[in-house]
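Report on the structure
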Amino acid sequence: MQHEITRAIPLLDSQGNLTEPGFARKLLPRYRRADIKASKLRIKEWDYYLINNGRFALALTVDDNGYMGLDSISLLNFEEGWEHTNSPMSFMPLGKLNMPETSAVGDVFHAGKNHSIRFINKGDGKRILIARMKNFGPAGSLYARVELFDGPEDSMVICTPFDKPGHFYFNQKINCIRARGQVSYDGRDYVFDPADSFAVLDWGRGVWTYHNTWYWGSASYQVDGVPFGWNIGYGFGNTAAASENMLFYNGKAHKLSQVQFHIPGGEKDFMAPWTFSSDDGRFEMGFVPVLDRASCTDVKLIKSDQHQVFGRFTGKAVLDDGRVIQVKDFPGFAEKVENKW
């Protein structure tokens with residue numbers, strides 16, 4: 001079943017449960033933090049951007065998890081086979097970051113002693129991302145400024161309940177946003193050219209259950225000069241109403257049903273080739289990993305074991321009208337994450 005939400009609705013009812021589980025192609029459900037009935041300790045709000053051109057990538061996160069906040073910067077060099085991530089944490093933000101209640105308007109800013117991250121939303125489809133961090137890595141400080149523009153008409157919006165009252169996952173993924181800018185680190189400038197550089201925004205709000213394992217994959221690039229990409233994943237709650245699997249071609253969304261990740265070695269050999277299959281044959285891909293951005297934090301009550309694997313996809317995807325899109329060495333990532341949070 002793939003239930004589509006086609007009208008503007010309040011996201012939550014008077015009990016803090018989703019009014020209408022399902023998916024949408026635009027941000028039709030209206031999120032209000034004040035409608036949540038759970039403790040502030042359990043509310044999770046984040047903005048995550050990834051800019052990728054297949055040679056190098058930049059990832060930026062501002063995250064308010066209630067009991068802890070996280071600002072994260074990652075620089076990844078696929079040609080040289082290295083990545084560095086620095087993720088300073090803050091204690092008990094409890095909503096003080098004032099994360100916007102919609103992705104359409106509102107800026108995000110957070111800073112610590114040696115860093116700052118700012119997401120400026122111009123309100124006309126343009127965004128400016130600015131990040132600074134002293135002592136980012138072994139080579140010293142990092143500075144990044146990237147402009148995003150020419151985003152697609154459609155996006156992936158999902159309203160997913162958990163099997164626990166008052167718990168939900170509300171998420172928008174905007175793929176295939178063109179990017180222009182650069183990152184300066186270690187005496188080098190990593191320049192994003194809009195001819196081949198694309199971003200994805202992962203905009204999430206919700207109340208999660210304590211222990212989750214999820215799978216997420218995303219790609220944004222182009223085929224014969226036309227922007228193309230996808231969002232695939234599961235493990236984010238009860239997806240009986242709809243999955244979050246979707247293709248994006250020339251700004252329009254094409255809904256997929258179920259997609260399965262096949263990770264070698266009992267889901268532990270992350271650098272061996274993966275495959276992906278779908279229940280309707282519309283997404284069949286091989287995936288050759290290039291770099292595993294792995295991290296594991298385990299302090300008993302809080303755990304995060306992450307494998308975000310970047311690489312290249314080769315295979316086919318089928319649009320709603322039956323058109324087959326073939327890709328070869330298409331840049332993107334797929335991940336498996338286990339969290340106790």
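In this report, the structure presented in the accompanying data block is examined. (Residues numbered from 1 in each chain as written. Predicted model: local features only at pLDDT ≥ 70, side-chain atom pairs only at ≥ 80, totals over all residues. Heavy atoms only, no water.)

**Details of the overall build of the chain**
- A tally of helices and strands in the chain yields 1 helix and 25 strands.
- Relative to the 2.2 N^0.38 estimate, which gives 20 Å for 341 residues, the radius of gyration of the chain is 19 Å and therefore close to what a compact globule would have.
- Taking the principal axes of its C-alpha atoms as reference, the chain extends roughly 55 × 50 × 45 Å.
- Buried residues in the chain amount to 57% of all 341 residues.
- A separation threshold of at least 6 residues defines the contact pool for the chain, and within that pool the share at least 24 residues apart is 56%.
- Counting every atom, the chain has about 13900 Å² of accessible surface; 51% of that belongs to carbon and sulfur.
- The chain carries 39 positive and 40 negative side-chain charges, and their two centres are separated by 5 Å. (Helix = DSSP H or I, 4+ residues; strand = E, 2+ residues; numbered from the N terminus. Rg over C-alpha atoms; globule rule 2.2 N^0.38 Å. Buried < 20%, exposed > 50% of the residue type's maximum accessible area, 1.4 Å probe, protein only. Contact = heavy atoms within 4.5 Å. Areas by Shrake-Rupley, 256 points an atom, 1.4 Å probe, with all protein chains shown as cover. Lys, Arg positive; Asp, Glu negative; His and termini not counted. Charge placed at Lys NZ, Arg CZ, Asp CG, Glu CD.)

**Digging into the sheet that holds strand 18 (residues 226-234)**
- Spatially, 20-19-18-17-25-24-23-22-21 is the arrangement adopted by the 9 strands of the open sheet, whose pairing is antiparallel. Looking at which strands have only one partner, the edges of the open sheet turn out to be strand 20 (252-255) and strand 21 (259-262). On average, each strand axis in the sheet is inclined to that of its neighbour by 20°, with strand direction left out of account. (Pairing = 2+ DSSP bridges. Axes fitted to C-alpha atoms, helices over the stretch in contact; angles between N-to-C directions.)

**Thoughts on the pattern of salt bridges**
- Across all of its chains, the model carries 16 salt bridges by this definition.
- With a shortest N-O distance of 3.0 Å, Arg55 and Asp196 are connected by a salt bridge. Placement of Arg55 in the loop between strand 4 (43-52) and strand 5 (56-64) and of Asp196 in the loop between strand 15 (188-192) and strand 16 (198-207) is noted, with a sequence separation of 141 residues between them.
- Overall, Arg55 belongs to the partly exposed group, its relative accessible area being 30%.
- Put simply, Lys26, Glu153, Asp154 and Lys252 are held in one network by salt bridges that share partners. (Salt bridge = Lys/Arg side-chain N within 4 Å of Asp/Glu carboxyl O.)

**Observations concerning the packing of aromatic side chains**
- Taken as a whole, this structure holds 36 aromatic pairs when the rule is applied.
- Ring geometry for Tyr221 against Phe330: centres 5.8 Å apart, planes inclined by 90°, an arrangement best described as edge-to-face. A residue pair is termed long-range when its members are at least 10 positions apart, and Tyr221 in strand 17 (residues 211-223) and Phe330 in strand 25 (residues 324-340) qualify at 109 residues.
- Taken together, a centroid distance of 5.2 Å and an interplanar angle of 25° make the contact between Trp230 and Phe330 stacked. Remark: Phe330 occurs in strand 25 and Trp230 occurs in strand 18; sequence separation between them is 100 residues. For the pair Trp230 and Phe330, one class covers both residues: buried.
- Lys173 extends its terminal NZ or CZ atom over the ring of Phe236, reaching a point 5.8 Å from the ring centre.
- The lysine or arginine in question, Lys255, covers the ring of Phe23, its NZ or CZ lying 5.0 Å from the ring centre. (Phe/Tyr/Trp six-rings, centres within 6.5 Å; stacked < 30°, edge-to-face > 60°. Lys NZ or Arg CZ within 6 Å of the ring centre and 35° of its normal.)

**A few points about the pairing of strand 25**
- Counting buried residues in strand 25 gives 12 out of 17 residues, a clear majority hidden from the surface.
- In this structure, strand 17 lies alongside strand 25, joined through 8 bridges in antiparallel fashion. Following the sheet pairing, Gly217 is matched in strand 25 by Ala334.
- Hairpin connection between strand 24 (residues 303-318) and strand 25: a loop of 5 residues separates the two successive antiparallel strands, and Gly322 in this loop has a positive phi of roughly 95°.

**Considerations on the pairing of strand 23 (residues 283-298)**
- Relative to strand 23, strand 22 (residues 274-278) runs antiparallel, the two sharing 3 bridges. If you follow Trp274 over to strand 23, its bridge partner there is Phe287.
- Hairpin connection between strand 22 and strand 23: a loop of 4 residues separates the two successive antiparallel strands, and Gly281 in this loop has a positive phi of roughly 75°.
- Relative to strand 24, strand 23 runs antiparallel, the two being bridged by 15 bridges.

**Topic: a nonpolar patch on the surface**
- On the surface, a nonpolar cluster with roughly 390 Å² of combined accessible area is contributed by Tyr210, Val299, Leu301 and Ile302.
- You can call Leu301 exposed: its relative accessible area is 64%. (Patch = residues over 30% accessible without salt bridge, like charges linked within 9 Å, V, L, I, M, F, W, Y side chains within 5 Å.)

**Quick notes on the environment of Ala195**
- Note that Ala195 resides in the loop between strand 15 and strand 16.
- Overall, Ala195 belongs to the partly exposed group, its relative accessible area being 48%.
- Along the sequence, Ala195 and Asp269 sit 74 residues apart, while their C-alpha atoms lie 34 Å from each other.
- Look past the residues within four positions of Ala195 in its chain and what remains in contact with it is Arg178 and Gln222.

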